[in-house]
Amino acid sequence: MRRFWLWAPFALFAALFGVFATGLISPTDRYVASGMVGRSMPQFALDGALVPGERLDDRYFVDGKPRLLNVFASWCIPCVAEVPVLIEMKNQGIEITGIAIHDKVEDIQKFLVDNGNPYSRIGMDANSRAQISFGSAGVPETFVVDGKGVIRYQHIGVVTPNDVPIILAKLRGAQ
Amino acid sequence: MIAEAGLAALWLAAAMALLQFALGALGLTQRHEAVKSAVAPVAVAHALLTGMAFICLVTLFLRSDMSVLLVATSSHSAKPWLYKLAGTWGNHEGSMLLWVTILGIGGATVALFERVLNKRTKTATLASQGAISLGFYAFLLFSSNPFARLNPVPADGQGLNPLLQDPGLAFHPPTLYMGYVGMSVAFSFAVGALITRDVGPAFARAMRPWILGAWIFLTMGITAGSYWAYYELGWGGWWFWDPVENASLMPWLAATALLHSVTVLATRDGLRAWTIMLSVVAFSMSMIGTFLVRSGILTSVHSFAVDPTRGGFILLLLALYIGGAMALFALRIGTVREGTQFDVVSREGALVFNNLLLSVILVIVLVGTLYPLVLEALTGTKLSVGAPYFNATAGPVALLLVCGMSAGPLMRWRRDNPKLVIERLAIPVLVLGAATLLIALFAGSIGILPMLGLIVAAGVAAASVAPLWKRNLKRTPLFTYGMVVAHLGCAVSLAGMAADSAFTKESLLAMQIGQTGQVGPYSVTLKGVSEIPGPNWSALDAELVVQRGTGTPFTVHPQSRTFKDPPMETSESAITTALDGQLYLVVGAPTDAISFPIRMWWKPFVTLIWLGGIMIAFGGILSLFGRVDRDLFGFIKLLRRKKAAI
């Protein structure tokens, strides 16, 4: 029995090795559709972060205009990396709304000063309820929502410049 | 010519590493004394050759020889000489060459100065060092040759990452590498001892200075890295739980545990298998850290050399060395005799408690860092684990650890009476009570963790000097002072962290010229804004007049810099240090023509965080001198006396 346990560190290391090897070999960008894609946005209502008294809820998205919904957090380092790309899209006239999870308004404001602000509105989702109802498991994630409030596409992970054409095409498709 | 000479020296060094490994392995299986004796000189020659290769690369960088690919891609002739020098290791190839250079010097130091170990174990240790070096030479020569030429020769280089143009950072990688290489020597000792089954106090004494040395460098590296992130990134925080920060924290945690367990092995001949395991783990954490940073499989602000092939190479080395050592452990440790036993209430017991808690924190950090990777491998989901997880999980365990630290040094070896231990803790407990009362009365409402932090810091500060009470201070050994200073440093650092999160005042204003804002005891007025051209950047410079209460006003200049080559924005914060804290001012890119975002923090006692770090490292240095003096020279004297008696 003791002999067997002596191999435990080796086994743990082998498992770690497996994870590292998979991380290296597998492609870094993959698109996994959430169960919510193609369905109407879940009901939610969140306090806004940009202007006092402002709110972000599902009705906001039902005005005929397709937009992006970006799930992020000020404490998430990859989220910092995608801000320039989001700002670039904003400058092309695309509206981006944000949902900040597990966050504080002060931290969000700091985040926006540091990195710039691509968002037209930000909802504060302190306990991740809205995030979970979107079928989103982590940050950052970006959804394409059409003018009727239907989720058309989900992008998991950082939006890199390479992803922009795909997202733009999905937005055009949502017109 | 210099580049070719460097490459030749590198190939020869690789040959010496191979020879060091082969002769060492041969020396273990055969009885020829001559073979064993040849290993040490080969290790020295190896160090000299790799040192020559490194000097060649430094020369190329200082002369801005743009015909060398590496210089052309990572340097620029207009850069100040210090950054040309730092540019040598500010890139993947150069930093790997620095790695093997320090590795070679480490091997040579063992070859020249190691006298405590028996010859067989020393030979096995050097062979293991040779094998480790060999892998990195293969890496350098086959996939990342630093001396490759470029044709046609470009007019000038492509600069250095502007975030890396900082005097502090020039010395950050070498410091960390010294730590990592120190861990590799400890690892080689462990492998050597496993091969010869010679695990005991002599082995622990031989290994201890290396662990201490590595630990001092890691402590300094982490302290400096934390301060660098604090003033350079302009976020006002001092620790971000960024994967790369975690990568440097994990070896430190393992090394801290090892440092304490090796003391049990050296003094009481206990914890044999555990100490061996920790030496392997500490080095694997260094390697895993290198792998995570270099392969770019985790997203981080640090990832500057992202390349999956290189990642694959490091992973292969990781598998060979760590997998090999773990397998050797499983095969051999059963045949190593069990060490001495001890009571739960004893110095050994306290050190085991310390080791368990440090291991728990290590696992927490490892899981938090790797969780996104594991999840991606299993489900394809990408996410990021942030500060909330780490603070909530590692924070309480760290507090418990620091509490244990106050009792441990007051316990006797082998067996102690719990009542007596509690008596010895009477004064620290009183201090703790007084601190609780003071904080309850004056601190107002602060978070539970910062409050506990402040209280515990006060108690631990009192407890950490307690080992000196009722002792003859002149006859107290240097390493006891080292322990006291290091433990006191932990208390000081903890107090700084707690004070920072409990009492920081911050304010973010869109200021117009002439406007005044308040933060903590300071008033800050925006006098003017100007464009300033630098050597390779242009800056938006804010002139801020700062006044504390009715004191003398003074001017500071935070900047928002735009680098040209490559294009990048960085912020230079203006930090004013007072005795009771720091005022931290940052200017952001303007939102419109008339107002400028100015962020202001008043951070009471934040400097204690790094002062504590420096104290911890200084305590390590005191210990190192004390140990080298007693362990090495004392042990040698003892051996001579024994021989003379026979």
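Enquirer: Where do I start with the overall build of chain A in this structure?
Expert: Across its full length, chain A carries six helices and seven strands. Taken along its principal axes, the extent of the C-alpha atoms in chain A is 65 × 35 × 30 Å. Out of the 175 residues belonging to chain A, those deemed buried represent 37%. Taking all contacts inside chain A whose residues are at least 6 apart in sequence as the whole, residues at least 24 apart take part in 72%.

Enquirer: Explain the sheet that holds strand β1 (residues 45-48) of chain A here, please?
Expert: Sheet strands pair via backbone hydrogen bonds, and the direction of the pair is either parallel or antiparallel. All names here are of chain A. With mixed pairing, seven strands are arranged side by side in an open sheet as β2-β1-β5-β4-β3-β6-β7. Pairing within the sheet leaves two strands with one partner each, and these edge strands are β2 (55-57) and β7 (151-156). Direction aside, neighbouring strands of the sheet carry axes that sit 30° apart on average. Of the pairings in the sheet, the one linking strand β3 (residues 67-72) to strand β6 (residues 141-145) comprises five bridges and is antiparallel in character.

Enquirer: Looking at this model, I keep getting lost on the sheet that holds strand β9 (residues 581-587) of chain B. Mind explaining?
Expert: All names here are of chain B. Ordered by their spatial adjacency, four strands build an open sheet running β1-β10-β9-β8, and the pairing between neighbours is antiparallel. Looking at which strands have only one partner, the edges of the open sheet turn out to be β1 (505-512) and β8 (574-578). Taken pair by pair, the neighbouring strands of this sheet meet at an average axis angle of 15°, ignoring direction.

Enquirer: Sorry if this is basic, but what is going on with the packing of helix α8 (residues 172-196) of chain B against helix α10 (residues 243-268) of chain B here?
Expert: What describes two packed helices is the angle between their axes and the distance between those same axes. All names here are of chain B. Between α8 and α10, whose axes approach to 11 Å, the crossing angle comes to 45°. Relative to α10, the element α8 lies oblique. When you trace α8 past α10, the crossing you get is left-handed. Facing Leu176, Gly179, Tyr180 and Met183 of α8, the residues of α10 in contact are Ser248, Pro251 and Ala255.

Enquirer: What is the right way to look at the packing of helix α1 (residues 2-29) of chain B against helix α6 (residues 119-143) of chain B in this model?
Expert: Residue and element names in this part refer to chain B. Between α1 and α6, whose axes approach to 7 Å, the crossing angle comes to 150°. The two elements α1 and α6 meet at a crossing, and its hand is left-handed. Residues Leu10, Trp11, Ala13, Ala14, Ala17, Leu18, Gln20, Phe21, Gly24, Ala25, Gly27 and Leu28 of α1 touch α6, and the partners they reach there are Arg120, Thr123, Ala124, Leu126, Ala127, Gly130, Ala131, Ser133, Leu134, Tyr137, Leu140 and Leu141. Along the lines of polarity and charge, the residues of the contact of α1 with α6 split into 17 nonpolar, six polar and one charged.

Enquirer: Looking at this model, I keep getting lost on α8 of chain B. Mind explaining?
Expert: Working note: α-helix, 3.6 residues per turn, so residues spaced by three or four point in the same direction. Residue and element names in this part refer to chain B. Relative to the 36 Å expected for 25 residues at 1.5 Å per residue, α8 spans 37 Å between its end C-alpha atoms, a close match to the ideal helical length. Most of α8 is tucked away: 22 of the 25 residues are buried. In the segment just after α8, Arg197 is the residue with positive phi, at about 55°.

Enquirer: Looking at this structure, how should I read the nonpolar core?
Expert: Generally speaking, a soluble globular protein has its nonpolar side chains buried in company with each other. The biggest cluster of nonpolar side chains holds 177 residues, and the ones touching the most others in it are Ala186, Ile211, Ala254, Ala255 and Val280 of chain B. Filtering out sequence-adjacent residues up to four positions away, Ala254 of chain B remains in contact with Leu278, Val281, Ala282, Met285 and Leu362 of chain B. Ranked by size, the runner-up nonpolar core spans 32 residues in total, among them Leu68, Ile101, Phe111 and Ile151 of chain A.

Enquirer: I tried to follow the pairing of β6 of chain A on my own but got confused; where do I start?
Expert: Two faces, one strand: in a regular strand the side chains alternate between the faces of the sheet. All names here are of chain A. In terms of residue burial, β6 counts as a mostly covered element, since five of its five residues are buried. Here β6 shows no split at all, with Glu141, Phe143 and Val145 on one side and Thr142 and Val144 on the other all buried. The pairing of β6 with β7 spans five bridges and is classified as antiparallel. By the bridge assignment for β7, Val145 is matched with Ile151.

Analysis parameters
Residues numbered from 1 in each chain as written. Chains lettered and ligands numbered in written order. Predicted model: local features only at pLDDT ≥ 70, side-chain atom pairs only at ≥ 80, totals over all residues. Helix = DSSP H or I, 4+ residues; strand = E, 2+ residues; numbered from the N terminus. Buried ≥ 20, exposed ≤ 12 C-beta atoms within 10 Å, placed from the backbone. Contact = placed C-beta atoms within 7 Å. Pairing = 2+ DSSP bridges. Axes fitted to C-alpha atoms, helices over the stretch in contact; angles between N-to-C directions. Parallel < 35°, antiparallel > 145°, perpendicular 65-115°, else oblique. Left-handed = near helix turned anticlockwise from the far one by under 90°. Nonpolar A, V, L, I, M, F, W, Y, C, P; charged D, E, K, R; others polar. Expected span 1.5 Å × (residues − 1). Core = buried A, V, L, I, M, F, W, Y, C linked by C-beta atoms within 7 Å.

Limitation: the analysis is restricted to geometry and does not speak to function.
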